[in-house]
Amino acid sequence: MLLNIIGWLVIGAIAGLIAGMIMKGGGYGLVGDIVVGIVGALIGGFLAGLLNLGGLNANDPFSWGSLIIAIIGAIILIAILRLLGGNRARV
């Protein structure tokens, strides 16, 4: 159980960092990127379930599919945050 939680934190961090690079404009800092990645993984898993693509495998967070779904979800979340927050200049 603890290993799965650590795994999701690692996947969330990686997904958040990659999504931040893809979306450009700067990230949200290490903790912010982890949060964006984890929430993105939840969003991606939910959307994948709606589309019958299979959800995230809670027993194996270290899979390529989980990472890709988490990245897609994080990109969606970043896009929503930017729409709601406007375009702020990041240093």
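First, a word on scope: everything that follows refers to the structure included in this document. Remember, predicted model here, so these are calculated numbers, not experimental data.

Things to note about the overall build of the protein
Right, so step 1: In terms of helices and strands, the protein carries three helices and zero strands.
Right, so step 2: Counted from the first residue to the last, the protein has its helices and strands arranged as α-α-α.
Right, so step 3: Per-residue burial over the protein gives 29% buried out of 91 residues.
Right, so step 4: Element-wise, carbon and sulfur atoms account for 75% of the exposed surface of the protein, whose accessible area totals about 5,800 Å².

Here we look at the nonpolar core
Right, so step 1: If you look at the biggest cluster of nonpolar residues, it comprises six residues: I11, A15, A41, L67, A70 and I71.
Right, so step 2: Sorting the residues of this core by element identifies α1 (2-23) and α3 (64-85) as the ones contributing at least two each.
Right, so step 3: In terms of residues, this core owes the most to one element, α3, which gives three residues.

Topic: α3
Right, so step 1: Spanning 22 residues, α3 covers 31 Å between terminal C-alpha atoms, matching the ideal 32 Å at 1.5 Å per step.
Right, so step 2: For α3, the set of buried residues is S66, L67, I69, A70, I71, G73, A74, L77 and I78.

Things to note about the packing of α1 against α3
Right, so step 1: Two elements in contact, α1 and α3, have axes separated by 8 Å at closest approach and are oriented at 55°. Between α1 and α3, the angle is such that the two are oblique. The handedness of the crossing between α1 and α3 is right-handed. Residues W8, I11, I14, A15, I18, A19, G20, I22 and M23 of α1 form the contact with α3, whose own contacting residues are S66, L67, A70, I71, A74, I75, I78, A79 and R82.
Right, so step 2: When the residues that make up the contact of α1 with α3 are grouped by side-chain class, the tally is 15 nonpolar, two polar and one charged.

Scoring rules and cut-offs
Residues numbered from 1 in each chain as written. Predicted model: local features only at pLDDT ≥ 70, side-chain atom pairs only at ≥ 80, totals over all residues. Heavy atoms only, no water. Helix = DSSP H or I, 4+ residues; strand = E, 2+ residues; numbered from the N terminus. Buried < 20%, exposed > 50% of the residue type's maximum accessible area, 1.4 Å probe, protein only. Areas by Shrake-Rupley, 256 points an atom, 1.4 Å probe, with all protein chains shown as cover. Core = buried A, V, L, I, M, F, W, Y, C linked by side-chain atoms within 4.5 Å. Expected span 1.5 Å × (residues − 1). Axes fitted to C-alpha atoms, helices over the stretch in contact; angles between N-to-C directions. Parallel < 35°, antiparallel > 145°, perpendicular 65-115°, else oblique. Left-handed = near helix turned anticlockwise from the far one by under 90°. Contact = heavy atoms within 4.5 Å. Nonpolar A, V, L, I, M, F, W, Y, C, P; charged D, E, K, R; others polar.

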